[in-house]
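# Residue-level structural notes
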Amino acid sequence: EKARIGVTGLAVMGRNLARNLARHGHPVAVHNRTSARTKALVEQFGDEGTFLPADTPEEFVASLERPRRLVVMVKAGAPTDAVIEEFAPLLEPGDMIVDGGNAHFADTRRREAALRERGLHFVGAGISGGEEGALHGPSIMPGGSAESYEALGPLLEDISAKVDGDPCCAHVGPDGAGHFVKMVHNGIEYSDMQLIAESYDLLRHAAGLAPAEIAEVFRTWNTGRLESYLIEITAEVLAHTDAATGKPFVDVVLDQAEQKGTGRWTVQTALDLGVPVGGIAEAVFARSVSGHAVLREASRHLPGPTRAKVAGSSFADAVEKALYASKIVAYAQGFHEIQAGSAEYGWNIDAGSMAAIWRGGCIIRAGFLDRIRAAYAADPHTPTLLTDAHFAEAVGDAQDAWREVVATAARIGVPAPGLSTALAYYDSLRADRLPAALTQGQRDYFGAHTYRRTDREGTFHTLWGGDRTEVDA
Ligand code: 6PG
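All values reported here derive from a predicted model rather than from experimental measurement.

### As for the pattern of salt bridges
Where side chains of opposite charge bring their charged atoms close, a pairing between them can arise. Counting across every chain of the model gives 30 salt bridges. Arginine 19 is the partner of glutamate 48 in a salt bridge, and the nearest nitrogen-oxygen pair spans 2.8 Å. Of this pair, glutamate 48 sits in the loop between helix H2 (35-45) and strand S3 (51-54) while arginine 19 sits in helix H1 (residues 12-23); the two residues are 29 residues apart in sequence, bridging distant segments of the chain. For glutamate 48, a relative accessible area of 22% gives the class partly exposed. Notably, a salt bridge pairs arginine 219 with glutamate 236, separated by 3.8 Å at the nearest N-O pair.

So, in structure tokens, the structure goes:
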């Protein structure tokens, strides 16, 4: 018997993906650089389905039915290149290599082009949902050729999460499109997490609630429009008590957030594309600030405001509104980046379908994503989600509370970069006039960089150093 698909790299993500495939009745070849892991997998989970263990790359490749489908689950970067170089020479035209790691989409584009030259399909597939998702149904974002999706799609859809019976897996677009969308997913994840963290911080320091009480607030929110995996686990983490000290768990964890890079890539890419993603950028920077221990220690005694607590009983409701409005902004920015990336690289990404496959399986899964799917169904070319009828109404309704929450944060000296930048973005978009006109004047003054006028076509320069007449530039 041949395997329908193979997985190489059997750390926890690869192992769980292989088990998921086997559990769905797909015979799966398994391989790892050190065969102890392969053995352990078959010993522990062999009864879950058909595993074909292979000790060598040659054996692994030989055990796959044609065209071969080979999933690589190793660390992004050099290890991925090394594995590709090891396996590509053993493959034949039409075979497929799937990279299920968090690769940078530019690497995926490079690898796809190189393997295409050799007659092979290379599919960069974003896979979200962590270890549990890999085992029980992740959200899968495969890029690569349409032809490769014909051979891979049914398998991937089969093992993906399902929402209302629909698989959380769809062909994203050619070459690096899948990894690009997964990258933005993670950027949104950063933003979502930061907004939740700020909300917690405000409930704690403005409203004076204890972590266990805040857990209850989040639990309640999770029954409403904020219902999501991240809100759900936030309540779990906040309710948890440290066994060693009896203190709230959140009080014994070092407050320095780490990151592996996908959020940073989202922002770097957005800068290159010229897309404003302040919510994601502030989330990345907030993690960065938290990690600068020396800087923070040196600044600890800087003066703060003299006012202490403010909030009344309705503050939690205000925070809920601020959080919801800011979340809409975060997703609007993320989807803007997806649209811009799609245009830049000619990927033709269907934004609504991305929202649909994020409804389940992935870290940002939420009822909210169905709203976004509906917004794109109503207007596939909407320049921003903010103008969708539902979101516009929600943000309109939230805005007084949103402003109050941001003002409270500023007044009491609790940092709320995510909530604040979201509001600033919203106000920037709705502004009748922006001070960018002044910026243009300054640029023209010091560098003769020219400007355009509101009342006439053309490009102009004022002779600032002379008699200040205006000339055509
Ligand atoms: C997912 C997650 C996953 C990973 C993050 C963590 O979609 O399943 O996003 O990819 O847990 O990359 O990222 P940081 O370590 O950068 O927070």
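Moving on from the model shown.
### Considerations on unusual backbone geometry
In this chain, arginine 66 is followed by proline 67 through a cis amide linkage whose omega measures -10°. By the secondary structure assignment, proline 67 is in the loop between helix H3 (57-62) and strand S4 (69-72). The backbone of aspartate 164 sits at a positive phi, close to 50°, despite the residue not being glycine. Its identity as a non-glycine residue notwithstanding, alanine 448 has a phi of 50°, on the positive side. If you trace the backbone, alanine 448 turns up in the loop between helix H20 (436-447) and strand S10 (460-462). Using a relative accessible area of 41% as the deciding quantity, one classes alanine 448 as partly exposed.

### What about the confidence of the model for the chain?
With 99% of its residues at a pLDDT of 70 or more, the chain shows a mean pLDDT of 97. This complex was scored by the predictor with a pTM of 0.97 and an ipTM of 0.96.

### Points about the packing of helix H8 (residues 177-205) against helix H12 (residues 262-273)
H12 packs onto H8 with a crossing angle of 110° between their chain directions and a minimal axis gap of 8 Å. Accordingly, the angle class assigned to the pair H8 and H12 is roughly perpendicular. Across from Phe180, Met183, Val184, Asn186, Gly187 and Tyr190 in H8, the residues of H12 making contact are Thr262, Gly263, Trp265, Thr266, Thr269 and Leu273. A per-class count over the contact of H8 with H12 returns 6 nonpolar, 6 polar and no charged.

### Quick look at the packing of aromatic side chains
The final tally for this structure, using the stated rule, is 15 aromatic pairs. Here tyrosine 451 and phenylalanine 460 contribute two aromatic rings whose centre-to-centre distance is 6.4 Å and whose plane-to-plane angle is 35°, an arrangement assigned as tilted. Summarising the burial analysis for this pair, tyrosine 451 and phenylalanine 460 share the class buried. An aromatic cluster of at least three residues, connected via ring pairs, comprises Phe105, Phe180, Tyr345 and Trp347. Directly above the aromatic system of phenylalanine 368 lies the positively charged group of lysine 327, at a separation of 5.1 Å from the ring centroid.

Cut-offs used in this document
- Residues numbered from 1 in each chain as written.
- Predicted model: local features only at pLDDT ≥ 70, side-chain atom pairs only at ≥ 80, totals over all residues.
- Heavy atoms only, no water.
- Salt bridge = Lys/Arg side-chain N within 4 Å of Asp/Glu carboxyl O.
- Helix = DSSP H or I, 4+ residues; strand = E, 2+ residues; numbered from the N terminus.
- Buried < 20%, exposed > 50% of the residue type's maximum accessible area, 1.4 Å probe, protein only.
- pLDDT = per-residue confidence, 0-100.
- Axes fitted to C-alpha atoms, helices over the stretch in contact; angles between N-to-C directions.
- Parallel < 35°, antiparallel > 145°, perpendicular 65-115°, else oblique.
- Contact = heavy atoms within 4.5 Å.
- Nonpolar A, V, L, I, M, F, W, Y, C, P; charged D, E, K, R; others polar.
- Phe/Tyr/Trp six-rings, centres within 6.5 Å; stacked < 30°, edge-to-face > 60°.
- Lys NZ or Arg CZ within 6 Å of the ring centre and 35° of its normal.

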